[in-house]
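# Structural overview
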Amino acid sequence: MSTHKAHCLILPYPVQGHINPMLQFSKRLQSKCVKITIAPTKSFLKNMKELPTSVSIEAISDGYDDDGINQAKTYESYLARFKEVGSDTLAQLIQKLAKSGCHVNCIVYDPFLPWAVEVAKQFGLISAAFFTQNCVVDNIYYHVHKGVIKLPPTKNDEKILIPGLSCTIESSDVPSFESSPESDKLVELLVNQFSNLDKVDWVLINSFYELEKEVIDWMSKIYPIKTIGPTIPSMYLDKRLHDDKEYGLSMFKPMTNECLNWLNHQPISSVLYVSFGSLAKLGSEQMEELAWGLKNSNKSFLWVVRSTEESKLPKNFLEELKLTSDNNKGLVVSWCPQLQVLEHESIGCFLTHCGWNSTLEAISLGVPMVTMPQWSDQPTNAKLVKDVWEIGVRAKQDEKGIVRREVIEECIKLVMEEDKGKLIRENAKKWKEIARNVVDEGGSSDKNIEEFVSKLMTISSK
Ligand code: UDP
């Protein structure tokens, strides 16, 4: 007989940075006797190098089963077809599960796919939107949705006043999509996250109360918000879920042994870890500046350069690294086990694009940051890291939009060596402790998850 008292169907947007947090939240729910079925797209599943074994997976279709968004010509056509085919195949899945005796009670959906609420209503199910960005970023999109502010901001809008935020936001701090040819459509996608939100039962956010108190209090007056993060594997935080050591889902194969063997030979807090996540593409000029900035900092570094990016490295860079008197100075890999790396005692700083997952992972593992945001919510995350949580510095671009080697070198030294860096390093340790406590028994996120589960059980027993 099943021990599950409720069944959640999880509908993620098919990119790694969105699926991972929903998967981790699912593991927490499952540990509290909620049955989970995750429904990614067929094309996403095809491209995975690793899949989780702990939850059940049932594919739906975005209408592009061979290669997903790469097969669609534009975001606009992709999202339109996903809505049409996705609604149908999601409805079929709910019916199929019901026939097999596994009735779904609740859909937890990524608000990039707001049509999921209509499907939930069609079957009388409750719905929860799961935001993979933090609450400050969500608040900015909310105000764009309401017409209070514009993205991109008008040029003379140097300081932008946003209700619910106590810090001053400048135009370089707001989410930016200008590097994409479809920037208007992307802003629309982000802003549309709010389009069905007045109909949902819960709004879940991958963040935690202590990190963003004021804005969470402000937004909670409008939406039924529950912060449930950080959604990183339990063994890096509260250690209550013994099997939860990794996300278990990856588009790339990590060079685990190579990275850990190398890190094991480095002194404590001596290594700079550098990564721009799974999507960012730096221009060749930026790549060159970064390469020499790292080398000139004279710190040992572990740099993730995805294989599709490798051709942009300066021609002689890898060779020069090997030829230096101390050829242990740098290791370049195509992908690494980031959590294991950030947790390693040899790591002293993280040079990051400030994707929200990477930022939350660095916070959770107490690693101070040098930020080099590229687009999307990354500039806002970088602002919070530097000015609100004071756990890093931002390497500023010049008027051509390039961060120069001298700036990179200076920022690395500031965080890893100097007096100001000492405060940043101490703050990072403080946030690590808080992040662990919020998911542990009785912490703010744990209480919110408990409350979500208990309401779910009550509703599903009716
Ligand atoms: N990541 C990893 N190995 C790497 C680089 C990144 O496992 O070499 C993971 C990282 O831990 C994070 C995710 O990839 O969970 C990146 O997500 P993020 O939101 O930071 O950036 P995105 O890839 O969405 O831009």
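Residues numbered from 1 in each chain as written. Predicted model: local features only at pLDDT ≥ 70, side-chain atom pairs only at ≥ 80, totals over all residues. Heavy atoms only, no water.

### Details of the site of the ligand
In the vicinity of the ligand there are 16 residues, among which S278, C336, N357, S358 and E361 approach most closely. Residue S278 places a side-chain N or O atom 2.5 Å away from an oxygen atom belonging to the ligand. Taking W335, its side chain carries an N or O atom lying 3.4 Å from a nitrogen atom of the ligand. Here the ligand loses 91% of its free accessible area of 540 Å² to cover by the protein chains. With 4 residues, the single largest contributor to the shell around the ligand is helix 13 (residues 356–365). Its residues assigned to classes, the shell around the ligand comprises 7 nonpolar, 8 polar and 1 charged. (Near = heavy atom within 4 Å. Polar contact = N/O pair within 3.5 Å; in protein donor to acceptor, adjacent residues only side chain to side chain. Areas by Shrake-Rupley, 256 points an atom, 1.4 Å probe, with all protein chains shown as cover. Helix = DSSP H or I, 4+ residues; strand = E, 2+ residues; numbered from the N terminus. Nonpolar A, V, L, I, M, F, W, Y, C, P; charged D, E, K, R; others polar.)

### Comments concerning the pattern of salt bridges
If you walk through the whole model with that rule in mind, you get 30 salt bridges. Between K422 and E426 there is a salt bridge whose closest N-O contact spans 3.7 Å. Taken together, the residues K422 and E426, both in helix 16 (residues 419–439) and 4 residues apart, mark about one turn of the helix. K422 gets classed as partly exposed once you look at its relative accessible area, which sits at 46%. Salt bridges here are not isolated pairs; linked through shared partners, they connect R28, K32, D238, R240, E433, R436, D440, D446 and E450. (Salt bridge = Lys/Arg side-chain N within 4 Å of Asp/Glu carboxyl O. Buried < 20%, exposed > 50% of the residue type's maximum accessible area, 1.4 Å probe, protein only.)

### Some details on empty space enclosed by the protein
Inspection of every chain in the model, using the stated rule, returns 4 cavities of 30 Å³ or more. Roughly 80 Å³ of internal volume is contained in the largest cavity. F276, G277, A280, L282, M287, W303, V304, V305, R306 and E309 are the residues that line the largest cavity. Considered as a void within the structure, the second largest cavity measures approximately 60 Å³ in volume. (1 Å grid on protein atoms, 1.4 Å probe; cavity = no way out; pocket = protein on both sides within 12 Å on 5 of 7 lines; lining within 4 Å. Points joined across faces, edges and corners; volume = space filled by probe spheres on them.)

### Quick look at the sheet that holds strand 10 (residues 271–275)
In space, the 6 strands of this open sheet follow the order 12-11-10-13-14-15, with parallel pairing throughout. At either margin of the open sheet sits one strand with a lone partner, and together these are strand 12 (330–333) and strand 15 (392–394). On average, each strand axis in the sheet is tilted by 15° relative to the strand beside it, whichever way the strands run. When strand 14 (residues 369–371) meets strand 15, the two strands line up parallel, connected through 3 bridges. Paired with V370 across the bridge in strand 15 is V393. Against the sheet, helix 10 (residues 284–297) touches strand 10, strand 11 (300–304) and strand 13 (347–352), its axis set at about 155° to strand 11. Along the sheet face, helix 15 (residues 405–416) touches strand 10, strand 13, strand 14 and strand 15 and points at about 145° away from the line of strand 13. (Pairing = 2+ DSSP bridges. Axes fitted to C-alpha atoms, helices over the stretch in contact; angles between N-to-C directions. Contact = heavy atoms within 4.5 Å.)

### Brief notes about the pairing of strand 13
Buried residues dominate strand 13, accounting for 6 of its 6 residues. Pairing of strand 13 with strand 14 involves 3 bridges; the strand directions are parallel. Bridging across to strand 14, F350 finds its partner in M369. Taking the sense of rotation as the criterion, the β-α-β connection linking strand 13, helix 13 and strand 14 turns out right-handed. (Right-handed = clockwise from strand over helix to strand, strands pointing away.)

It is worth stressing that arrangement in space is one thing and function is another; only the former is reported here.
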